[in-house]
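Secondary and tertiary structure notes
Below are the chains, spelled out letter by letter.
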Amino acid sequence: MKKFNNLFRILSRNCNMSSSKCAFKVALIQLHVTDDKNKNIENALKFVRTAKENSADIAILPECFNCPYGTKYFLKYGEEIPNGETCKSLAQCAKKNNIYLVGGSIPELQEKQLYNTCTVWNPLGQMIAKHRKIHLFDIDIPGKITFKESDALSSGNQITIFEIEKFKVGLGICYDVRFPELANIYRKEGCIFIIYPGAFNMTTGPLHWKLLLRARAVDNQLYVAGVSPARNENSDYVAWGHSLLANPLGETEAETEHQETIIYGTVDLKKIEETRQNIPILSQRRTDLYDILYHHL
Ligand SMILES: NC(=O)CC(=O)C(=O)O
């Protein structure tokens, strides 16, 4: 309840002042990813420039935007954060375009360990967040898809929140969206927006991608973005695409098909306030019951 009231305090303080924003334009950049790392980076930078030309405040890239998605690629494409070539390009790009840039994810190499990592850059070109995928994508649906990220990657062990003009934004990567507890923590910490760069596939994409993003939004009464690579039928792992922005009512604000493109949406803080006032589930939760039962299961 405290964090909930804090949001209202920040909203009424900031949104009533003409110099402060209470809505952010978000660009979801669905990129075609190839096996040419430099081309992937150049392509991403080009799309961020377009996002800025269209007045976006925040640009979001997909999971694994500089590297094909697959365990056999991660070591070859891995680089140190923030000293690797991809991060240097992202930093310059954020600064040059004066934009917040959520750098999708890249394979991060640190002391012989690999991680699937998202970096976030402010308009000064400074890295303000780094999220390592917490829940690794290990699944086996016989005859459809088997994937074991843990063959190559280590998992992150921290939640990640950054701020845009005093408003908190939480980060997850792809499979992280399947775990509602993480999103609940972000809401409890006062986030107004959760961003998931993600690459669902042709089996789980049509089943769960949209459902999960909208569910995280409606459960927590905040905005949720999922940003995917474009579908590339020539790659080993074919991404579903369908990047989308869900609003606090769980409606789809913006959604694309599977091709390379940018879509835009608005994170409107007043809509969060209105939703939370009209349907006050956040203050009606019976944590006294859930906490006891949960620990007995
Ligand atoms: N690729 C992922 O991390 C997750 C995914 O495709 C799924 O959960 O399905």
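What you are looking at is a predicted structure, and each value in this text was computed from that prediction instead of being measured.

Another aspect to go through is the packing of aromatic side chains. Inspection of every chain in the model, using the stated rule, returns ten aromatic pairs. When the ring of Y73 is compared with that of Y77, the centres are 6.3 Å apart and the planes differ by 75°; the resulting orientation is edge-to-face. Given a relative accessible area of 4%, Y77 falls into the buried group. Ring geometry for F200 and W209: centres 5.2 Å apart, planes at 55°, overall tilted. Each member of the pair F200 and W209 is classed as buried. Taken together, the ring pairs connect Y69, F74, F137, F147, Y175, F179 and Y237 into an aromatic cluster. The side chain of K25 reaches across the aromatic face of Y264, ending 4.7 Å from its centre.

A separate point is the confidence of the model for the chain. Residues with a pLDDT of 70 or more make up 93% of the chain, whose mean pLDDT is 94. When pLDDT is averaged over each element of the chain, strand β12 (residues 223–227) comes out on top at 99 and helix α1 (residues 2–15) at the bottom at 56.

In the neighbourhood of the ligand, the contacting residues comprise Y69, K133, F137, C174, Y175, R178, A199, F200, N201, T204 and Y237. R178 places a side-chain nitrogen or oxygen 2.6 Å from an oxygen atom of the ligand. In the environment of the ligand, a nitrogen atom lies 3.2 Å from a nitrogen or oxygen atom belonging to the backbone of A199. Burial of the ligand by the protein amounts to 100% of the accessible area it has alone, namely 270 Å².

Here S228 lies in the loop between β12 and β13 (244–246). With a relative accessible area of 1%, S228 lands in the buried category. A distance of 3.2 Å separates a polar side-chain atom of S228 from the backbone nitrogen of G241. In this structure, S228 is in contact with I29, Q30, L31, P62, G198, A199, W209, A239, G241 and S243, ignoring residues within four places of it in sequence.

Analysis parameters
Residue numbers restart at each chain and count upward from 1, following the sequence in its written direction. Only residues with pLDDT of at least 70 are given local features in this predicted model, and only at 80 or more are side-chain atom pairs given and counted; all residues enter the totals for whole chains, interfaces and linings. Calculated side-chain values reflect all of the structure's heavy atoms, with hydrogen atoms and water omitted. Only the six-membered ring of Trp is used, alongside the rings of Phe and Tyr, when aromatic pairs are assigned; centres must lie within 6.5 Å, and planes under 30 degrees apart are stacked while those over 60 apart are edge-to-face, with the rest tilted. Buried, partly exposed and exposed residues are distinguished by accessible area as a fraction of the type maximum, computed with a 1.4 Å probe on protein chains only: under 20%, between the cut-offs, and over 50%, respectively. Placement of a positive charge over a ring is assigned whenever Lys NZ or Arg CZ falls within 6 Å of the ring centre and within 35 degrees of the normal to the ring plane. For every residue, the pLDDT score states the predictor's confidence, bounded by 0 at the bottom and 100 at the top. By the criteria applied, helices consist of DSSP H or I runs no shorter than four residues and strands consist of E runs no shorter than two, each listed in order from the N terminus. Residue proximity to a molecule or strand is established when one non-hydrogen atom of the residue lies within 4 Å of it. Any pair of N or O atoms that falls within 3.5 Å is considered a polar contact. Within protein, one atom must be able to donate a hydrogen and the other to accept it, and sequence-neighbouring residues count only if both atoms are side-chain atoms. For the area figures, the Shrake-Rupley method with a 1.4 Å probe applies, and any residue is considered shielded solely by the protein chains shown. The contact criterion used throughout is that any non-hydrogen atoms of two residues lie within 4.5 Å.

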